Structure formats: C-alpha cells, structure tokens
Amino acid sequence: MREETVKTNLAILTEKTKGLFRRKQEPVSEKVGKALVTQLTTIILVTGTIGKTSTMDLMIHMLKQNQLKSLSNDMESNDRQGIIQSLVRQSDFRGKLPGTIGIFEVEKESLHDVLQYLTPHLIVVTNFYEREFSHWFDALEPILKKTHTHLLANAEEPFTNMLQELKKEIKTFSVQGNVSFVDYQVMDLQVEEEIQFTLNEQPLHVQSKSIHVVYNTVAAIAALSMLKPVLHLHEERLYASISHQKLPANGRMEFYQLAQQSLMTSVWNNSIGAEMVLNHIEKDSSTKQLIFFFSNQDPDLMDTSWVWEVNMERIDFSLVSRIICTGKKAHEMALRLKYAGVENEKMMVIDSVAQALDEIQNKKDTTYLLPSYTYLNTVVERIKNLS
C-alpha cells in the first residue's frame, strides 16, 4: 500500500512539474486525477447558461468566511481535464490537496463526461437556455436516477418540473417568479442604493444594483444551506457572510442615476438573460426608452435567432417613447421588434454605436441600455462618464 502511495505521489509531482510547461490540450493521467478527486469529501458542480462563475465564487467566499477551504476551477477549465488540472495545480508536492471541498463550474457540453468521472453531492443549475436544455437533461438523467446526488434548480425555468420527474427531492429557488412550492423564495425585493430582500425570513442587504446578483446570491446560499449537515454550517453565519458584501454584476442589470434620468444596463446576448430583463421592464410602469446594441461577433453568439424565442410581445409599448437599435445586427433586432408590434415612428436604427450613445440624454425617460458583450464595456464607460 505504501509503495502504491509513493508511486501515486510521484505521478502527481511529475504532473505538477509538467504543468509548468504543459499546453492546454495535453491531458493529465486519469490515475492522478482519481487520486486527487478521492481526497474531496464534498463536491458541488455548478452548471447553466449564465451565472456559473459568480455563483461558484460566492460559495467560495461564504465558505472562507466560515473558515472552510474550498478548491475550484476557472471558467476556462470547466471540463473534465480542466478540473483535474486545476486540482494538480492546487496540490502540494506530496500530492495533498489543501482542502476537502470542491466547487467546480461545468459547461453543458462537458457535464456528461464530468459526471461519468466523479459523483457530486450537489448539482446547482442556475438556468437553462431553452434550445440547449436537452444537453443538461441527458447528462443529469443517469446520475439523478442512480445516485444520492442532490439537485438545486431555478424554479422560474419552465423545464425544472421535468427535472423534478427525475428526482422528487429536488430543491428550487426563485427571485421574481410567481411559482408555487419554492424552497428558497425571495420576498420584498427592493433596488435602491443597495439591493434589499428577504430570503426564507432572513433579511439581506447586498451592495449591488443588479438583479442578476440576487439570482447568484440566492443560488449560492441555497446550495450551502442544503449541505449544512455535511459541512457543519450554521445558516445564520451563511447569511451574515454575504450580507452587505459588494458584489460585481459584470454588466447584468445594473442601475445608474443621473441628475434627471434613471438608467439600467444589462447584457443582451441570450434568451435567458433577455427574459430576465423583460421581467423588470414589464413591471416598470414609467415611460421609458430602450436602446439595443446588437451584435453576433465573438464573444457573442454567432446565431442570433434566439431573439425570436424571446417574448418581446409582452412589453407594453404604449409606455415606450422610443426604441433605438444599433450595432452590427441592428436591423435584425429592429425586425424582431417590428413583428412584436412596435410602430415605425417609435423606432430608430442608427448604424453608428457612438451616435446611438449620444442619444441617451436626448430624452429624460427611464432608459434601458441593452448591449451584446461586444459593446458592453463601451456602454458602461459612457455611462460612468455621464454620471
């Protein structure tokens, strides 16, 4: 047994040394990977369309605040080999990991392969991009039916009930949805200088103006609450460790206040994020203008047909004073809005993004700035200059 351990530790040392020079496509041996994975007593996987990295980072932060060390991967290492290589980098030269809790984000394309390699205690599904749901369902079905793996999912997603058919004890969370039988439900949500809300009768204050941050925060709290007995956590400490924290929104549903105008920015690059934005716009009874900065350039989706899956028709366009479409795919966005019932006199197509940005303050109405990733930094920088 000792000889085998020495061989394994030597193999890990070899991989660590090679890792200094390894190109990404060169795999770590499965034997080394297994030796590291088996040191983890608790494994959490985070998957979904958006919010994976932020949710994972929040869990790492909360565990750290509760004196618990966790290991993780980064967004560029979210497949089977990426997880193994991340563990190799974090191990010492004896092959020992500095903690026994692993939290890993996993892309949909890699989920099936990762689940064949390790069995997590919990899988967190932040949300589903509708056309990609079959990837998650096919990957999750075998492990949920055959193991004791727990599942946490967004109750606002229409496909979550299909996951509940696989595993009855699935736990759910909701922020803005009117959903029955939710385990972790946000109440009394207020967005002012900071976001305030109540989660399962616990008041929370988060230093952010992004609704997306609330989704990530609730998912992280719910996930660790589910593992309280395993990790020996106290729920009060979990809430305390996140309350009043300043959390980055990464451009998703952030609010700004100019002298005479309210602005909101949110990334407009897939149907999941778009529907979340529309939830907010639909509840806003003020007169407003919408400015879309639409592109299909990297890092945005090349296929822009997703805008036809978004329920634009639910917007009350009588409360919309003006819509501007700009960017590489401005005309496609304008066409989608035309089919949603927008009158021609309310719509402008401006080819120049800079010129479209100059239009922000020509109206004092509440303004929603909805850029693809391509234009996000440009839009945010302009707003910061204005404010």
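You'll find the structure just up there.
Residues numbered from 1 in each chain as written. Predicted model: local features only at pLDDT ≥ 70, side-chain atom pairs only at ≥ 80, totals over all residues. Heavy atoms only, no water.

**Some points on a nonpolar patch on the surface**
Okay, so step 1: The grouping of Trp308, Leu335 and Tyr339 at the surface amounts to a nonpolar patch, some 340 Å² of accessible area in total.
Okay, so step 2: Within the element layout of this structure, Tyr339 appears in helix H12 (residues 330–339). (Patch = residues over 30% accessible without salt bridge, like charges linked within 9 Å, V, L, I, M, F, W, Y side chains within 5 Å. Areas by Shrake-Rupley, 256 points an atom, 1.4 Å probe, with all protein chains shown as cover. Salt bridge = Lys/Arg side-chain N within 4 Å of Asp/Glu carboxyl O. Helix = DSSP H or I, 4+ residues; strand = E, 2+ residues; numbered from the N terminus.)

**As for the pattern of salt bridges**
Okay, so step 1: Per the counting criterion, the structure on display carries 12 salt bridges.
Okay, so step 2: The residue Lys228 makes a salt bridge to Glu235 at a minimum N-O spacing of 2.8 Å.
Okay, so step 3: Taking relative accessible area as the criterion, Lys228 reaches 26% and is therefore assigned partly exposed.
Okay, so step 4: The structure contains a network of salt bridges with shared partners spanning Glu275, Glu282 and Arg314. (Buried < 20%, exposed > 50% of the residue type's maximum accessible area, 1.4 Å probe, protein only.)

**As for the nonpolar core**
Okay, so step 1: Core analysis: the largest hydrophobic core is formed by 71 residues, its most contacted members being Trp268, Phe292, Met312 and Ile323.
Okay, so step 2: Take this core: its biggest share by element is 12 residues, from helix H8 (residues 211–226).
Okay, so step 3: If you look at the next biggest cluster of nonpolar residues, it comprises 36 residues, including Ile83, Leu87, Val114 and Leu140. (Core = buried A, V, L, I, M, F, W, Y, C linked by side-chain atoms within 4.5 Å.)

**So, the pairing of strand E13 (residues 320–326)**
Okay, so step 1: Burial within E13 is extensive, with 6 of its 7 residues counted as buried.
Okay, so step 2: In the sheet, strand E12 (residues 288–293) pairs with E13 via 6 bridges, with the strands oriented parallel. Note that in E13 the partner of Ile291 across the bridge is Ile324.
Okay, so step 3: Where E13 and strand E14 (residues 347–350) come together, 4 bridges link them in parallel fashion. Following the sheet pairing, Ile323 is matched in E14 by Met347. (Pairing = 2+ DSSP bridges.)

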